[in-house]
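A look at the structure
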There are 2 protein chains.
Amino acid sequence: MRTASGDTIPGRIAGKLRIKSLPIDTLRENVVFLSRHCHVLRPQRHGGSRKVEVTSAGRSLLASILISDDPAFVGDDEIGLSEPALGRLGVRAGDMVDVAPAQSPSSLEHVREKIRGETLSPQSIALIVGDIAAHRYSDMEVAAFLIASASFMTADEVLSLTRAMANVGARLAWGRDMIVDKHCIGGIPGNRTTMIVAPIVVAHGLLMPKTSSRAITSPAGTADTMEVLARVDLSADEMRAVVETCGGCIVWGGHVNLSPADDVLISVERPLGVDTPEQMVASILSKKLAAGATHLVVDLPVGPTAKIRTTDHAQRIRKLFEFIGARIGIAVEVLLTDGSAPIGRGVGPVLEARDVLNVLKGDADAPPDLREKAIMVAGRLLELDPELRGGRGVARARELLESRQARKAMERMVEAQGPSPIVARTGSRTLDVPAPRDGEVGAIDCYRIASLARLAGAPTDPGAGIDLLKRVGDPVRKGEPLFRIHGEDAADFSASCDAAGEASGFVLR
Amino acid sequence: MRTASGDTIPGRIAGKLRIKSLPIDTLRENVVFLSRHCHVLRPQRHGGSRKVEVTSAGRSLLASILISDDPAFVGDDEIGLSEPALGRLGVRAGDMVDVAPAQSPSSLEHVREKIRGETLSPQSIALIVGDIAAHRYSDMEVAAFLIASASFMTADEVLSLTRAMANVGARLAWGRDMIVDKHCIGGIPGNRTTMIVAPIVVAHGLLMPKTSSRAITSPAGTADTMEVLARVDLSADEMRAVVETCGGCIVWGGHVNLSPADDVLISVERPLGVDTPEQMVASILSKKLAAGATHLVVDLPVGPTAKIRTTDHAQRIRKLFEFIGARIGIAVEVLLTDGSAPIGRGVGPVLEARDVLNVLKGDADAPPDLREKAIMVAGRLLELDPELRGGRGVARARELLESRQARKAMERMVEAQGPSPIVARTGSRTLDVPAPRDGEVGAIDCYRIASLARLAGAPTDPGAGIDLLKRVGDPVRKGEPLFRIHGEDAADFSASCDAAGEASGFVLR
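Each chain has its residues counted from 1, following the order in which its sequence is written. Lettering for chains starts from A, numbering for ligands starts from 1, and both go in the order in which the items are written. Per-residue local features are limited, in this predicted model, to residues with pLDDT of at least 70; the limit for side-chain atom pairs, both in listing and counting, is 80 or more; totals at the level of whole chains, interfaces and linings are taken over all residues.

**Points about the relation of the copies chain A and chain B**
Each of the two chain copies can be generated from the other by rotation about an axis followed by a shift along it. Basically, it comes down to this: The least-squares superposition of copies is restricted to C-alpha atoms, and to residues with a pLDDT of at least 70 in both copies. Two residues form a contact once the distance between their C-beta atoms, set from the backbone, is within 7 Å.
The transformation that overlays chain A on chain B combines an axial shift of 0.1 Å with a rotation of 180°, and the residual RMSD is 0.1 Å. Both chain copies can therefore be described as sitting about a two-fold axis. Every residue of chain A has its C-alpha some distance from the rotation axis, and the shortest such distance is that of Met140(A), at 2.1 Å. In this assembly the copies share their binding face: 97% of the residues contributing to the interface of chain A also contribute to that of chain B.

Have a look at this one:
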């Protein structure tokens, strides 16, 4: 073919640019800097909505564009990348990379079908999940999929979503018939039972390779609290070595790469505050399926300020867990637990770790509600052991805790995982929030306490958070402290103190 | 209140930072650069999802955060802003501004209600629209509102949305009983009738103050094509002056600030490819209501590759237009037109402007389909004139066109709007795409032709685009050119040529 002006058609322009390393942290999203007069593509034609794809030696990265008008910052033959992006791509400053406009993912057509109210096939869902895991969707596209799914999703679609999410990313196999796991849907400050349940179950001899999340909108995830005691950012190989030595672990799932599509979905779901039963079940079970779990106990707290506010709602979620669990080969037991108030005393990584250690040590001062809930959950897991006599689970759990065998199991896991990178110290700034009058604590708002702890700096400052000094039912005198705010950073601490002054979350009666 | 450690509570830390101007264009979104060790707030605590609010002398701006690790780029007491952001905020490099974490907009609670399937009150919708217009929503939050609304919206909600969108932003009033307007929902390449209809209607003496959009995902908006002939980025005051002189105008709506929330919604809707009847009607009618229109003719092309593919679908949209129009006081007439193929010959600003001028000049070579469609639409608008005898509209429109009165009206508007900033020249690179065999043109895919024109560089390069050399029904010989691709930029031109080789959009029979 020849052009009308006589030229032969040029081949697709080779888009080579030289990497410049920029001291910029682009946080959640990949961002590249291109000169307005970039030799390869005109950034203003692509920056509004679509990304560019940067490729080197088979690895590629999708990124949004910012335009530079300063040749000293980014030249016309250069592409500016952050240090983390260089790492992800496995390249260095000065290397040449291929740069091209990213194609709009074809699976978006299926998202549009879902928006139009259609039911998606397993194949369509797998395509969407694959593109999401590969970071081919923009935030707004992820949100579109989430919200379209939130309005209507069949149980079969939830099943397809669960399977598709488990299938992208790593899959762990343990060569054992029974791999136990537990999960709490969150929302209850201080509810750090995993760090007591896992040592009990491991001390009994069941295999429990536990991956946990870091906080996204809460003051602490289990991974944040465990990190006060030990290193948690283990690779899949390191995790396997710990589990082979100790029979279990409590690590952050971030480096293990289980269900990475779920991580992307959650990173949009949480800021939007959208949490449907369907997405919750698919999210949790996809991670458990990828982690090789065979038996799972789910802690579903129900209460007026918890995530799940009515028993009816909780029962619907339980049914969905059971339906999907049965089809993917995981025996799921859902426990509806008391979510009417925070559990334990501390809220925030260091404060929660203190409570956990006190329970494991058998300290007289340990929070009894945290201890009893952990024993109950561990008991349900131990009941799964065919060797154990039916009904003996709770007694056995208590025995393992009181005999300090659970504590020793925890010490072995901590030792195997490696030393914590954190100085375990509560925040140096403190404020006691006093009772405004005589009375009795009638209720404590879970959501409010979590907000105050987060405002105070948790989990960024591990020592920041809330220490609850009174519990529901306690009598209080005017001026007596209800809780203590701990903070390190002046601005965050001050913001939490201000917010506590507006609404403390404590209701006196 | 005193802290337990003895300090009095510090007041909320005053967040003052000094502005540094950075030669970065952040395109659609506002982005600020903060040092990782910023004195005012810890950017890593806020960067993941929420924005910061930058305030100066009562004006404020919400922006996403990027973190700098280079003190030479942004110091700990500095905030880096792009030049356009400085303009929006009315500040200069060196000025001090207040910086604080942006509060999550409380109207998001109503978005969550909508996601849960509730129907929203007019008040809730007004709050959402207000926050969207103030750029308080992130892209993902806008997408959440759009998609939640796409799944279900009552006619009353559409009405509330239309009114709320018209109420934020500017409102124009013209002091006349009849203000006419026309709108096409788009999707048909080359369908540039507005630029013929407006001069005809204005020549007749009706007032038609027309604001148009620029292309978002198409190869040209009416504003892009008009800009080939005249300046279009007029302020509201300048627009008023033109309308008072000429009886009409064709300007870009961007500086007139009509229904700014709609602009934000569209900037998310288009890349997502989501276009529900409800959002389309609210979008169009909110702009017309804000622009002061009393009578509106809507061009709704229906065809297999148009936006609206069935007459059933078009009729549902027509009913919704009529329902909302009646309630907001705009007499709406919806015309279902032939959307089976592109209209005219040129696709892209300069090529379309050439067709328009040829029609206005009465050139023998002018595309007859464009001329006849413009006469038909103009005729419907002229019928609104009580002075004109019923049924005379089309004849009067033809008369105004053939007598060159419309051309003179256009020349007056062009003169009043000011000289075009564009050199009206077709792209210097051209390729004729030949027929692969003998036959007859059976169909031309509107969507494909628009894509090829856009790939070639339109509207960024005004001279880029597609010139259609054959029409549906034309016989062709093998090797005879079907259309010509025009391009300026080598890479874009090449991409369009490649894509045309894969699929030309022409179906031979």
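Moving on, there is more to tell.
**As for the interface of chain A and chain B**
To keep it simple, the criterion reads: Runs of E in the DSSP output that reach at least two residues are strands. Runs of H or I that reach at least four are helices, and both are numbered from the N terminus. Throughout this entry, Asp, Glu, Lys and Arg are counted as charged residues, while Ala, Val, Leu, Ile, Met, Phe, Trp, Tyr, Cys and Pro are counted as nonpolar. The remaining residues, Gly among them, count as polar.
Between chain A and chain B, the residue contacts involve 60 residues of the former and 59 residues of the latter. Looking at the side of chain A that touches chain B, the elements that each hand over two or more residues are β2 (24–25), β5 (59–68), α2 (108–115), α4 (139–151), α9 (260–272), β14 (429–434) and α17 (490–502) of chain A. Among the elements that line the side of chain A that touches chain B, the one with the most residues is α4(A), at 9 residues. Taken together, the residues that form the side of chain A that touches chain B break down as 29 nonpolar, 15 polar and 16 charged.

**Quick look at the sheet that holds strand β11 (residues 295–302) of chain B**
Residue and element names in this part refer to chain B. Formally: Here, a strand pair is defined by DSSP locating no fewer than two bridges between the strands. To obtain each axis, a line is fitted to C-alpha atoms, and for helices this fit is confined to the stretch in contact; angles are then taken between N-to-C directions over 0 to 180 degrees.
Judged by pairing direction, the sheet is parallel, and its 3 strands sit side by side in the order β8-β11-β12 without closing on themselves. Each having just a single partner strand, β8 (180–184) and β12 (331–338) make up the two edges of the open sheet. Direction aside, the axes of adjacent strands within the sheet are offset by 20° on average. Summarising the sheet, β11 and β12 pair through 8 bridges and their orientation is parallel. Looking at β12, one finds that Asp-299 is bridged to Leu-335. Helix α12 (residues 311–328) rests against β11 and β12 of the sheet, and its axis sits at about 165° to β12.

**Quick notes on the packing of helix α10 (residues 260–272) of chain B against helix α11 (residues 277–290) of chain B**
All names here are of chain B. The line we're drawing: Left-handed is the label given to a crossing in which the near helix is rotated counterclockwise from the far helix by less than a right angle, and right-handed is the label when the rotation is clockwise.
Look at α10 against α11: their axes get within 10 Å of each other, and the N-to-C directions meet at 145°. Crossing of α10 over α11 shows left-handed handedness. Residues Asp-262, Leu-265, Ile-266 and Glu-269 of α10 pack against Gln-279, Ser-283, Ser-286 and Lys-287 of α11. Residue classes in the contact of α10 with α11 are distributed as 2 nonpolar, 3 polar and 3 charged.

**Some points on the environment of Phe506(B)**
Residues and elements named next belong to chain B. Convention followed: Here a residue counts as buried when 20 or more other C-beta atoms sit within 10 Å of its C-beta, as exposed when there are 12 or fewer, and as partly exposed otherwise, the C-beta atoms being derived from the backbone.
With respect to the helices and strands, Phe-506 occurs in strand β19 (residues 506–508). For Phe-506, a count of 23 C-beta atoms within 10 Å puts it in the buried group. Expressed as a C-alpha distance, the spacing of Phe-506 and Leu-482, which sit 24 residues apart in the sequence, is 7.8 Å. Sequence-distant contacts of Phe-506, that is, excluding residues within four places in its chain, are made with Val-441, Ile-444 and Leu-482.

**Considerations on the pairing of strand β16 (residues 465–468) of chain A**
Residue and element names in this part refer to chain A. With burial as the criterion, each face of β16 is covered, one bearing Gly-465 and Asp-467 and the other bearing Ile-466 and Leu-468. The pairing of β16 with strand β18 (residues 481–487) spans 4 bridges and is classified as antiparallel. Residue pairing across strands places Gly-465 opposite His-486, the latter belonging to β18.

**Some remarks on the domain arrangement of chain A**
Our working rule: An automatic or database domain assignment provides the domain bounds reported here.
Per the domain assignment, the segments making up chain A are domain 1 (16–101), domain 2 (108–167), domain 3 (180–417) and domain 4 (429–508). The centre of domain 1 of chain A, based on its C-alpha atoms, is set 45 Å off from the matching centre of domain 4 of chain A.

**Examining the sheet that holds strand β17 (residues 475–476) of chain B**
In a beta sheet, neighbouring strands pair by backbone hydrogen bonds and run either parallel or antiparallel. Residue and element names in this part refer to chain B. Strand order in the open sheet formed by 3 strands is β17-β15-β19, and the pairing between neighbours is antiparallel. Of all the strands in the sheet, just β17 and β19 have a single pairing partner and so form its edges. Sheet topology note: the strand β15 (residues 439–444)/β19 ladder contains 3 bridges and is antiparallel. Following the sheet pairing, Ile-444 is matched in β19 by Phe-506.

**Describing the pairing of strand β10 (residues 248–252) of chain B**
Residue and element names in this part refer to chain B. Most of β10 is tucked away, with 5 of its 5 residues classed as buried. The alternating pattern of β10 places Gly-248, Ile-250 and Trp-252 on one face and Cys-249 and Val-251 on the opposite face, and all of these are buried. Across 5 bridges, the pairing between strand β9 (residues 208–212) and β10 is parallel. Bridging across to β10, Ser-212 finds its partner in Trp-252.

**Looking at unusual backbone geometry**
Residue and element names in this part refer to chain A. Going from Ala-458 to Pro-459, the amide bond is cis rather than trans, its omega being 0°. With respect to the element layout, Pro-459 can be found in the loop between α16 (446–455) and β16. Backbone geometry at Ala-57 places phi at a positive 50°, although glycine is not the residue there. Relative to the helices and strands, Ala-57 resides in the loop between β4 (52–56) and β5. Of the residues examined, Ala-57 has 11 C-beta atoms within 10 Å and is grouped as exposed.

**Things to note about α9(A)**
The α-helix advances 3.6 residues per turn, and as a result positions three or four apart in sequence lie on the same side. Our working rule: Expected span, for any helix, means 1.5 Å times one less than how many residues it has.
Here α9(A) is 13 residues long and its end C-alpha atoms lie 19 Å apart, about the 18 Å a rise of 1.5 Å per residue gives. Among the 13 residues that make up α9(A), 10 are buried, leaving the element largely enclosed by the rest of the structure. Looking only at α9(A), the buried set comprises Pro260(A), Ala261(A), Asp262(A), Asp263(A), Val264(A), Leu265(A), Val268(A), Glu269(A), Pro271(A) and Leu272(A). For α9(A), the elements touching its buried residues are α3 (122–133), α4, α5 (155–167) and α10 (277–290) of chain A together with α5 (139–151) of chain B. Count one or two residues on from α9(A) and you reach Gly273(A), which has phi positive near 70°.

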